[in-house]
Amino acid sequence: MNKRTTSQNNGLNLKRVFKVWLMQHAQACIYSIGQIFKSPVNSLLTTAVVGISLALPSGFYLLLDNCQRVAAGWDNSTQISLFLKLNIDEERALSLADEIRLFEGIASVDYISRDVALEEYRQKSGFGDAISALQENPLPSILLIHPRIRSLSSQDSEKLMQQLRALPEVDTAQFDRQWIQRLFAIIDIVQHVVIILSILLAIAVLLIVGNTIRLAIYNRRTEIEVNKLFGATEAFIQRPFLYSGLFHGIGGGLIAWCLLSLSLLMLKAPVLRLAELYSSDFSLHGLSYTGLLLLIATGASLGLVGSWVSVQRHIKAIEPN
Amino acid sequence: MNKRTTSQNNGLNLKRVFKVWLMQHAQACIYSIGQIFKSPVNSLLTTAVVGISLALPSGFYLLLDNCQRVAAGWDNSTQISLFLKLNIDEERALSLADEIRLFEGIASVDYISRDVALEEYRQKSGFGDAISALQENPLPSILLIHPRIRSLSSQDSEKLMQQLRALPEVDTAQFDRQWIQRLFAIIDIVQHVVIILSILLAIAVLLIVGNTIRLAIYNRRTEIEVNKLFGATEAFIQRPFLYSGLFHGIGGGLIAWCLLSLSLLMLKAPVLRLAELYSSDFSLHGLSYTGLLLLIATGASLGLVGSWVSVQRHIKAIEPN
Amino acid sequence: MIRFTDVSMQYGDGNEALRKINLYIEQGAMVYVTGRSGAGKSSLLRLIALIERHKRGQIIVNGQNLERVTGRRIPLFRRNIGFMFQDHRLLYDRTVFDNIALPLVIAGHRYQEIRKRVHAALDKVSLLNKEKVSPIALSGGEQQRVGIARAVVHRPALILADEPTGNLDPALSWDIMKLFEQFNQVGVTVLIASHDLDMIKKMNKSIITLREGKLLTHIGLTINE
Amino acid sequence: MIRFTDVSMQYGDGNEALRKINLYIEQGAMVYVTGRSGAGKSSLLRLIALIERHKRGQIIVNGQNLERVTGRRIPLFRRNIGFMFQDHRLLYDRTVFDNIALPLVIAGHRYQEIRKRVHAALDKVSLLNKEKVSPIALSGGEQQRVGIARAVVHRPALILADEPTGNLDPALSWDIMKLFEQFNQVGVTVLIASHDLDMIKKMNKSIITLREGKLLTHIGLTINE
Ligand SMILES: Nc1ncnc2c1ncn2[C@@H]1O[C@H](COP(=O)(O)OP(=O)(O)OP(=O)(O)O)[C@@H](O)[C@H]1O
Ligand SMILES: Nc1ncnc2c1ncn2[C@@H]1O[C@H](COP(=O)(O)OP(=O)(O)OP(=O)(O)O)[C@@H](O)[C@H]1O
Ligand SMILES: [Mg+2]
Ligand SMILES: [Mg+2]
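Just so it is clear, the model here is predicted, and its values are computed rather than measured.

Caption draft 1: Examining the overall build of chain C more closely. Assigned secondary structure in chain C consists of 7 helices and 11 strands. Taken against the 2.2 N^0.38 rule, which gives 17 Å for 225 residues, the C-alpha radius of gyration of chain C at 17 Å falls within 12% of a compact globule. When the backbone C-alpha atoms are referred to their principal axes, chain C occupies close to 50 × 40 × 35 Å. Residues counted as buried form 60% of the 225 residues belonging to chain C. Counting only contacts in chain C whose residues sit at least 6 apart along the sequence, the fraction spanning at least 24 positions is 66%. If you sum the accessible surface of chain C, you get close to 9,300 Å²; carbon and sulfur atoms cover 47% of it.

In structure tokens, the structure reads:
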């Protein structure tokens, strides 16, 4: 016995060890694929559960992503209204606009003359008759300034506002700060919700895969015992379970992707209707290919981690008797 | 053998049969509770997964509910602005308001005099100086009409508008229809999302419970075989599994409730901040006790149905050999 | 009690385990079934307990034609049989007591009754001191005895025992056979599959011999085809 | 090859299965372990295969002190043992071929080699025609023979067989014992637990007898305490 063992050990050069290792990996992989196809319905069920659990956080990510796109649009539409003094004429106003264009953090400056302002106001307010009855235009001319918000911090914008207010031609400067605050408060809530849900669902995926593997381990208790009795290493025994966790995860990722695509399809119509109402050309952004890869990778790693934890906890506990 | 069987059958009067039935139910119930406490961690894991899957659709229900509350607030705040002709004096306006209060579908009517309107406008628009410089008040007096929206159909409101426009004192009547349409489009999307998610997650709960029970059945294959061999009826064999599905469902309901309460707690702060920004006294509405009961009932029935399906599919397949 | 008429039986894979068996066992008899490994002893017992169904021929057990015992009638039919398996089939997540109590629990007896009967059965196989342990903590022979206790605890009208003494030493085997004989003496029909020819001869009971699925001798008579 | 010095062993529940065992088995010997049900035969074999660990005393197997064989060393140690279980322990979701191939797969042999060896082993237990079926489709004795084939297929240096013939008729038992003898003749150490005293006597090999966990006779010598 002793002689055999040692001579065998000496005979095992590194190349052979690696070959055996590779072969056993292939065996475990094929074996767990076989197990999956042996009970396709049940494997599909588990994978579907994983898929649903993965689809949800990704769906929320998409939702948040789309919200931020919308918000970005709004960001650009935030503007500073510079009400000029009533005694500033058009020429002065236009040259002031040119000056302001050279300020830092300014995307564009539009001039609205007193007449245009009155006309717009008449249309929007609905006081048609009343305004027509006025002898004098009560409105000032306005410069609409679009800051380059993305590059503008809260401090910077404060500085800009002071700069603008200091101009001698300016009566008042208004910055629609409140709207931005509201927007950020809403996004804040959405982010809170998404984070909570993502954590919950990542836990759910781990639990589901872990639980499935756990029960699979218990189902194959005799197999594990017999394997251990004939000298199988821990790695050898764990391999098929890890592979099946991995496959469940990957399958779950794919199913999640299908679910997301389907949901997007179903949401397309109502979102389009909404966008029309806002006369916006906004359309839902789907998952990119990187997103698909990421989804599968996430599924795979959650599946692997879930089965790994389960395997660590439960295979050790099974000792032959 | 024959004699024994028949005499035994005759001896079983209805009362005894019922007693045995009750006793066996109690046994199955206690047995499955015992099974749960035998591996508390694993039971908790399964229950947690069910809980998460239940928490999500309920969370969305809550979200939708809160959205609708907010929307209801907006509904009430939608109003018809009735701009009176400039030559209508205060007395006439007030008596007109009284007249309108008697119309159908009107909740309240507020009078805003020309002076008040100008003052408000001055403050809101920021054209302080410009308006102060005016010699004449260009604004008409306004009647703000709050319709009882809940009872007002789209047709009714159209009729009301025509009625109001026909009044000789009225210059223009504005109804903020666009805003409502937008709101409903948004709610439509949210509802789509919630419905998709709820379906997905109800399926997930069924799958999870079904899968858990399936694997439990396979784990107890020998037990089922031996039971069948000693003359156990299908009902007898199924009972413990159905109970354990039920308990997982109920436990899941409870966990879902805890998760929801926790999430609400975490969302409280940002929502409050938002509400402050809108200077609204809105606060998150949590789950009522009926909601809790409903949650547990849903969990219980999903658990029962999931295990029932699983039991039907798999216990039949296990025949002694 | 048991009558086979031209019974043949195939397993799902076309394996013909029994061929044209004709036999008759009286109520209250004690009969041994012997034959080499794979001859069909277990298959014969399984047919009677409805674990397998026969394809051709007719089996009458206790006046009931087994072809008519289907669906919901199977459980009630089985409650009058005590089956002892070649591979024990004990439940390792329950105590010995619970294992033996199983047929009584299924029949819906009350606890006091169950306790009394289980203790009596444990006493008969000399395992009273192992009542509270799991069968996994028992030696092979002890497990076999638990299986025997479970097969007799509900006082069935028919006992089918498949190799009840395969893991027992000669002395203990003898005791177990005597135990079956006691049951037989109070009117229970007993059918035992065994390959322990020495002991079977010593017991001096009727013998059925199988060879490759065919009946070779029936209750002492050699069958000529 | 195997040396026990004052070995005692307890199961978790305080059950003392072996008490102060002293024995020595030479390399290449063939030894029977007998004793009544529950005497400790299986426990003795389990200690050698490291399925259970002893509490007191010292066990040397093949020059290795078993106390030092822990963790990662256990698998390699076990690969040189062929174990045959009292309760078969076959995997019912694999074919007979795959069951027997298991020790070779674990050791990482290539398919051609595995096929050759498994066929040789199947041939020795006369089950070549059952290669492709699941063990569930085999009779009790056939399963037992599959277990034996699995125990010898990887040509271990030590074979431990627990009641290898409990479900076999006398003629087949004899063949199996002769098979073990063949292995023994090419230098393999063989240790067989059995209660079939008649056959053990006929085989004319060394015998170890246990009684309630104590050594009663050792290789023919009665032990006096
Ligand atoms: N479930 C099954 N499916 C297919 N074939 C089977 C099955 N069970 C047994 N067989 C085959 O039927 C034949 C008879 O088997 P049976 O178990 O009745 O033999 P036995 O007399 O009990 O043998 P032993 O003494 O070895 O237990 C054998 O050839 C066996 O391979
Ligand atoms: N896993 C275990 N846990 C606790 N006690 C055990 C365990 N296995 C066996 N025993 C006890 O240890 C004693 C010896 O058991 P062992 O299995 O060694 O007997 P054996 O000689 O093989 O008997 P048999 O011929 O019946 O198989 C018995 O009293 C048995 O109840
Ligand atoms: Mg048999
Ligand atoms: Mg033993």
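Okay, back to it.
Caption draft 2: Layout of the site of ligand 1. Taken together, 23 residues lie near ligand 1, and Lys41(C), Ser42(C), Ser43(C), Ser139(D) and Gly141(D) sit nearest. Ligand 1 sits at the junction of chains C and D, each of which supplies nearby residues. Take Lys41(C): an N or O atom from its side chain is 2.7 Å from an oxygen atom of ligand 1. Taking 630 Å² as the accessible area of ligand 1 by itself, protein coverage stands at 94%. For the shell around ligand 1, the secondary structure elements donating two or more residues are helix H1 (41-48) of chain C together with helix H5 (140-152) of chain D.

Caption draft 3: Highlighting the pattern of salt bridges. Throughout the structure, instances matching the rule amount to 30 salt bridges over all chains. With its nearest N and O atoms 3.4 Å apart, the salt bridge here joins Arg89(C) to Asp87(C). Accessibility expressed as a relative area gives 38% for Asp87(C), which makes it partly exposed. What emerges from the salt-bridge pattern is a single network uniting Arg221(A), Glu225(A), Asp87(D) and Arg89(D).

Caption draft 4: Structural context of the coordination of the magnesium ion (ligand 4). All names here are of chain D. The coordination sphere of the magnesium ion (ligand 4), as far as protein atoms go, consists of Ser42 (OG) and Gln86 (OE1), spread over 1.8 to 2.3 Å. Remark: Gln86 occurs in the loop between strand S6 (81-84) and helix H3 (96-107) and Ser42 occurs in helix H1 (residues 41-48); sequence separation between them is 44 residues. Summarising the burial analysis for this pair, Ser42 and Gln86 share the class buried.

Caption draft 5: Quick look at the pairing of strand S3 (residues 30-35) of chain C. Residues and elements named next belong to chain C. Within S3, 6 of the 6 residues are buried, which leaves the element mostly enclosed by the surrounding structure. Burial along S3 is two-sided: the residues Met30, Tyr32 and Thr34 and Val31, Val33 and Gly35 are all buried. Judged from the 4 bridges that link them, S3 and strand S8 (residues 189-193) form a sheet pairing that is parallel. From the neighbouring strand, Val33 faces S8, where its bridge partner is Ala193. Both S3 and strand S9 (residues 206-211) contribute to a ladder of 5 bridges, which runs parallel. Each bridged residue has a counterpart across the sheet, and for Val31 the counterpart in S9 is Ser206.

Caption draft 6: The arrangement of the site of ligand 2 in detail. As a structural note, the neighbourhood of ligand 2 is formed by 24 residues, with Ser139(C), Gly141(C), Lys41(D), Ser42(D) and Ser43(D) the closest of them. Of the chains in the model, those with residues near ligand 2 are chains C and D. Gly141(C) is positioned with one of its backbone polar atoms (N or O) 2.6 Å from an oxygen atom of ligand 2. Interatomic distance of 2.9 Å between a side-chain N/O atom of Gln86(D) and an oxygen atom of ligand 2. Across the complex, the protein chains shield 94% of the 630 Å² of accessible surface that ligand 2 would expose by itself. Of all the secondary structure elements, the ones that give two or more residues to the shell around ligand 2 are helix H5 (140-152) of chain C together with H1 of chain D.

Caption draft 7: Expanded view of the sheet that holds strand S5 (residues 64-65) of chain D. All names here are of chain D. With antiparallel pairing, the 4 strands of this open sheet are ordered in space as S2-S1-S4-S5. The open sheet terminates on both sides in strands that have one partner only, identified here as strand S2 (16-25) and S5. For strand S1 (residues 2-10) and S2, the ladder comprises 6 bridges, and the chain directions are antiparallel. Paired with Arg3 across the strands is Tyr24, a residue of S2. In the packing of H1 onto the sheet, the strands contacted are S1, S2 and strand S4 (56-61), and the crossing angle to S1 comes to about 115°.

Caption draft 8: Expanded view of the side chain of Ser43(C). Topologically, Ser43(C) is positioned in helix H1. Discounting residues that sit within four places of it in the chain, Ser43(C) has contacts with Met9(C), Tyr11(C), Ala17(C) and Leu18(C).

Caption draft 9: Examining the packing of aromatic side chains more closely. Going through the model one piece at a time under the given rule, you end up with 6 aromatic pairs over all chains. Both rings, one in Phe18(B) and one in Trp21(B), keep their centres 5.9 Å apart while their planes meet at 20°; by these two values the pair is stacked. Highlighted residues: Phe18(B) and Trp21(B), both in helix H2 (residues 14-38), separated by 3 residues, approximately one helical turn. Between Tyr243(B) and Phe247(B) the ring centres are 5.9 Å apart and the planes differ by 35°, which places this aromatic pair in the tilted class. Here Phe247(B) and Tyr243(B) lie together in helix H10 (residues 234-277), a separation of 4 residues that amounts to about one turn. The exposure class of Tyr243(B) is buried, given its relative accessible area of 18%. Take Phe247(B): its relative accessible area is 22%, and that puts it in the partly exposed class. Cation over ring: Arg89(C) sits above Phe85(C), and NZ or CZ is 5.0 Å from the ring centre. Over the ring of Trp174(D) we find Lys202(D); its NZ or CZ atom is 5.3 Å from the centre of that ring.

Caption draft 10: Just helix H6 (residues 170-185) of chain C, in detail. All names here are of chain C. Given a rise of 1.5 Å per residue, 16 residues ought to cover 22 Å, and the 22 Å separating the end C-alpha atoms of H6 matches this to within 8%. Turning to H6, its buried residues number three or more, namely Leu172, Ser173, Ile176, Met177, Leu179, Phe180, Glu181, Phe183 and Asn184. As for H6, its buried residues are in contact with S3, helix H4 (111-124), H5, strand S7 (158-162), S8 and helix H7 (197-203). Immediately beyond the C-terminal end of H6, within one or two residues, lies Gly187, with a positive phi of roughly 105°.

So, how was this worked out
- Residues numbered from 1 in each chain as written.
- Chains lettered and ligands numbered in written order.
- Predicted model: local features only at pLDDT ≥ 70, side-chain atom pairs only at ≥ 80, totals over all residues.
- Heavy atoms only, no water.
- Helix = DSSP H or I, 4+ residues; strand = E, 2+ residues; numbered from the N terminus.
- Rg over C-alpha atoms; globule rule 2.2 N^0.38 Å.
- Buried < 20%, exposed > 50% of the residue type's maximum accessible area, 1.4 Å probe, protein only.
- Contact = heavy atoms within 4.5 Å.
- Areas by Shrake-Rupley, 256 points an atom, 1.4 Å probe, with all protein chains shown as cover.
- Near = heavy atom within 4 Å.
- Polar contact = N/O pair within 3.5 Å; in protein donor to acceptor, adjacent residues only side chain to side chain.
- Salt bridge = Lys/Arg side-chain N within 4 Å of Asp/Glu carboxyl O.
- Donors = N, O, S within 2.8 Å, 3.2 Å for Na, K, Ca; no water.
- Pairing = 2+ DSSP bridges.
- Axes fitted to C-alpha atoms, helices over the stretch in contact; angles between N-to-C directions.
- Phe/Tyr/Trp six-rings, centres within 6.5 Å; stacked < 30°, edge-to-face > 60°.
- Lys NZ or Arg CZ within 6 Å of the ring centre and 35° of its normal.
- Expected span 1.5 Å × (residues − 1).

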